[in-house]
Amino acid sequence: MKKFLVITAVAVFVLGVLVVVADRAGAHYAEREIAARVSARMQDQGITSAPPEVEIQGFPFLTQVAAGRYTQIDITMRDLKGGQLPLPLLNVAAHEVEASLSELKDGTARPVAALVDGDATVSYGSLVEASGLNGITLTSAGPNDVRVTGKVPIIGEVTGTAEVTVVDGSHVRLRVTSLKGAAGSVSQTIINAYKDRLAVTLTLPKLPFNLELTKVQTESTGLIVGFTAKNVELA
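Just so we're clear, the structure is a prediction, and the values are computed from it rather than from any experiment. (Residues numbered from 1 in each chain as written. Predicted model: local features only at pLDDT ≥ 70, side-chain atom pairs only at ≥ 80, totals over all residues. Heavy atoms only, no water.)

(A) Inspection of the side chain of Thr 218 at higher detail. Examined against the element boundaries, Thr 218 turns out to sit in strand 10 (residues 212-219). On the basis of relative accessibility, which here comes to 5%, the residue Thr 218 falls in the buried class. A distance of 3.2 Å separates a polar atom in the side chain of Thr 218 from the backbone oxygen of Asp 145. In contact with Thr 218, other than residues within four places in its own chain, are Tyr 124, Ser 140, Ala 141, Gly 142, Pro 143, Asn 144, Asp 145, Val 146 and Leu 223. (Helix = DSSP H or I, 4+ residues; strand = E, 2+ residues; numbered from the N terminus. Buried < 20%, exposed > 50% of the residue type's maximum accessible area, 1.4 Å probe, protein only. Polar contact = N/O pair within 3.5 Å; in protein donor to acceptor, adjacent residues only side chain to side chain. Contact = heavy atoms within 4.5 Å.)

(B) Structural detail: the pattern of salt bridges. This model, assessed by the stated rule, comprises four salt bridges. The residue Glu 98 makes a salt bridge to Arg 69 at a minimum N-O spacing of 2.5 Å. Of this pair, Glu 98 sits in strand 3 (residues 87-98) while Arg 69 is found in strand 2 (residues 69-80), placing the two residues 29 residues apart along the sequence. Between Glu 163 and Arg 175 there is a salt bridge whose closest N-O contact spans 2.8 Å. With Glu 163 in strand 7 (residues 156-167) and Arg 175 in strand 8 (residues 171-181), the pair connects residues that are twelve residues apart, well separated along the chain. One continuous salt-bridge network, built from bridges that share partners, spans Arg 69, Glu 96 and Glu 98. (Salt bridge = Lys/Arg side-chain N within 4 Å of Asp/Glu carboxyl O.)

(C) Summary view of helix 4 (residues 124-131). Turning to helix 4, its buried residues are Tyr 124, Leu 127, Val 128 and Ser 131. The arc that holds every buried residue of helix 4, seen down its axis, measures 100°, which confines them to one face. Gly 132 sits one or two residues past helix 4 and shows a positive phi near 75°. (Arc of directions from axis to C-beta.)

(D) Spotlight on the sheet that holds strand 6 (residues 145-152). Taken in spatial order, the five strands of this open sheet run 5-6-7-8-9, and their pairing is antiparallel. In this open sheet, the two edge strands, each paired with only one partner strand, are strand 5 (136-140) and strand 9 (199-203). Pairs of neighbouring strands in the sheet enclose a mean axial angle of 25°, with direction left out of account. The sheet contact formed by strand 7 and strand 8 spans ten bridges and is antiparallel. Bridge pairing in strand 8 links Val 158 to Gly 181. This element, helix 4, spans strand 5, strand 6, strand 8 and strand 9 of the sheet and lies at about 140° to strand 5. Each of strand 6 and strand 8 is contacted by helix 5 (residues 188-195), which is oriented at about 175° to strand 8, the strand it contacts most. (Pairing = 2+ DSSP bridges. Axes fitted to C-alpha atoms, helices over the stretch in contact; angles between N-to-C directions.)

(E) Just the pairing of strand 11 (residues 222-233), in detail. Sheet analysis places strand 4 (residues 112-122) next to strand 11, joined by ten bridges and oriented antiparallel. Each bridged residue has a counterpart across the sheet, and for Asp 117 the counterpart in strand 11 is Thr 228. Bridge analysis of strand 10 against strand 11 gives seven bridges, and the strand direction is antiparallel. Looking at strand 11, one finds that Thr 218 is bridged to Leu 223. In this structure, the hairpin formed by strand 10 and strand 11 is closed by a connection of two residues.

(F) Expanded view of the side chain of Thr 76. In this structure, Thr 76 sits in strand 2. Of the residues examined, Thr 76 reaches a relative accessible area of 17% and is grouped as buried. Sequence-distant contacts of Thr 76, defined by excluding residues within four places in its chain, comprise Pro 51, Pro 52, Glu 53, Leu 89, Leu 90 and Asn 91.

Quick look at the structure:
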């Protein structure tokens, strides 16, 4: 009896391992197929980036395959170029994706996500360079504000704040809202006239999945930009 129980336990363990291996193998296959299709779609749309990386979330995976519905698929895209603000890293999560494995295998699949959201970080250095604010340093000063410090022609040392906002779902606007010079510098009237010129609207690279820019937020690491889209065909 004891020997039988040991054999049964070993058999159950081995079966469990095989199920996990099969599950992961299926997930990796689907990830490769989706990544290839996403990459091809991005090329067709003229989007420039490194090949996307795909990871299907959730376990067991095989139950998602059977239903043809995936709870979440994470897609990572690197080095998106174009526009005035390049995106070194774009993290996207596709939610409630419908696509059967059989269609993925025969190349007819058109995975559709009910919701896609994502975010990327734009460094303050990139923001300064794109804005043409030579001699200026930007740091976080609040949810949508940045601190401005540096040295500019004629005025010299300056400090102030600027706000960052979303424009038309595809642009980032930086506008200096307050600026002052060091004691003994030029008059505040001249500084205000200079400040009023410090407003720029910057474009982002062309984005996949019809993503629309919905929010910007300042963090210590840089400007966090957030995107979203609904009912999106991934590939």
